[in-house]
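Working through the structure, step by step
Okay, here's what each chain looks like letter by letter:
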Amino acid sequence: MSTTRLLLLGAVRIFQPVHGYLLRRELLSWQVEDWAHVKPGSIYSGLRTLTAHGLIEEVAGEPVAYRLTPDGEVEFRRLLVAALREPDAGDATRLLGGLCFMTALPRAEVREALGARVLVLEAMTSNAEATVRSIEQTRLAPAPAAELSRLIGHWLAGEHSWVRELCDRLDAGHYRFAGDPGAPDQPVEGIWPPAVLDFGESA
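Residues numbered from 1 in each chain as written. Predicted model: local features only at pLDDT ≥ 70, side-chain atom pairs only at ≥ 80, totals over all residues. Heavy atoms only, no water.

**Notes on the overall build of the protein chain**
- On a plain count of helices and strands, the protein chain comes out with eight helices and three strands.
- Seen in sequence order, the protein chain has helices and strands lined up from the N terminus as α-β-α-α-α-β-β-α-α-α-α.
- Counting all 203 residues of the protein chain, 38% fall into the buried class.
- Here the analysis covers contacts within the protein chain between residues at least 6 apart in sequence; of these, 62% occur between residues at least 24 apart.
- Working note: accessible area of the protein chain is about 11,300 Å², and carbon and sulfur atoms make up 55% of it. (Helix = DSSP H or I, 4+ residues; strand = E, 2+ residues; numbered from the N terminus. Buried < 20%, exposed > 50% of the residue type's maximum accessible area, 1.4 Å probe, protein only. Contact = heavy atoms within 4.5 Å. Areas by Shrake-Rupley, 256 points an atom, 1.4 Å probe, with all protein chains shown as cover.)

**Considering the sheet that holds strand β3 (residues 65-68)**
- Strand order across the open sheet formed by three strands is β1-β3-β2, with antiparallel pairing between neighbours. A single partner strand is all that each edge strand has here, and the edge strands are β1 (18-19) and β2 (56-59).
- Pairing analysis gives four bridges linking β2 to β3, with the strands arranged antiparallel. Counted as the bridge partner of E58 is Y66 from β3. (Pairing = 2+ DSSP bridges.)

Note that every value here comes from positions in space, so none of it alone points to a role or purpose.
Below, the structure written as C-alpha cells:
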C-alpha cells in the first residue's frame, strides 16, 4: 500500500486540483500496472481511502476534484524520503515510486537519502556474503540454498552500483530539484551549469 499511497499523493500533488479520471489516466500512462502492480480500479478506492484518512480533500465541483491536505503533504514527503533512503529487497516498487517524485525534494536532501541508502546496501551485501559462508561451513541448510544469498548479493551489488552512478549524475547537475535556481525547465542536456549549483559536500 505504501507505493500506491506515494503514487496517488504524488500525482495529486502535481496536478491538484485533479479529477479522479484524469489522475487514473495519468498514472496508467506511467505504466503503473506493470511495475507497481496498481490496478485501475484500485486508484479510485485509494483516493477514497486517502480522503477518509484526511490526506487529500475533495474540491467542490462536478465532477469532484482532489487536492492534498497539510497532513497529506507531510505523508507524501515521509513516504518519498523513505523510498529513496531505505532499501527493501522484498519490494522494488518503493524505490521506483520514489524515483517518480524525487525532484520534489531539494537536491541536497535527495543526495543525503541516497548516501544513506548506499551504506545500508553495503551492509546488506556483506550480510548476504556472510550467509553464503555460513551455509557452506555449517552445512545446516541444503547446499543450493547458498545460491539464494549469492543471487540476493548480486541484486544488492547492482543496485549499489546504480545508486553511486545516480549520485554522480546529481552532483554533475542532472535534473532540476526543488529550490534549484534557473528557468523552470531543465536545460536540453539535462545538466545545470555547476556555477549555479551549491549542494555541499558529496555523501
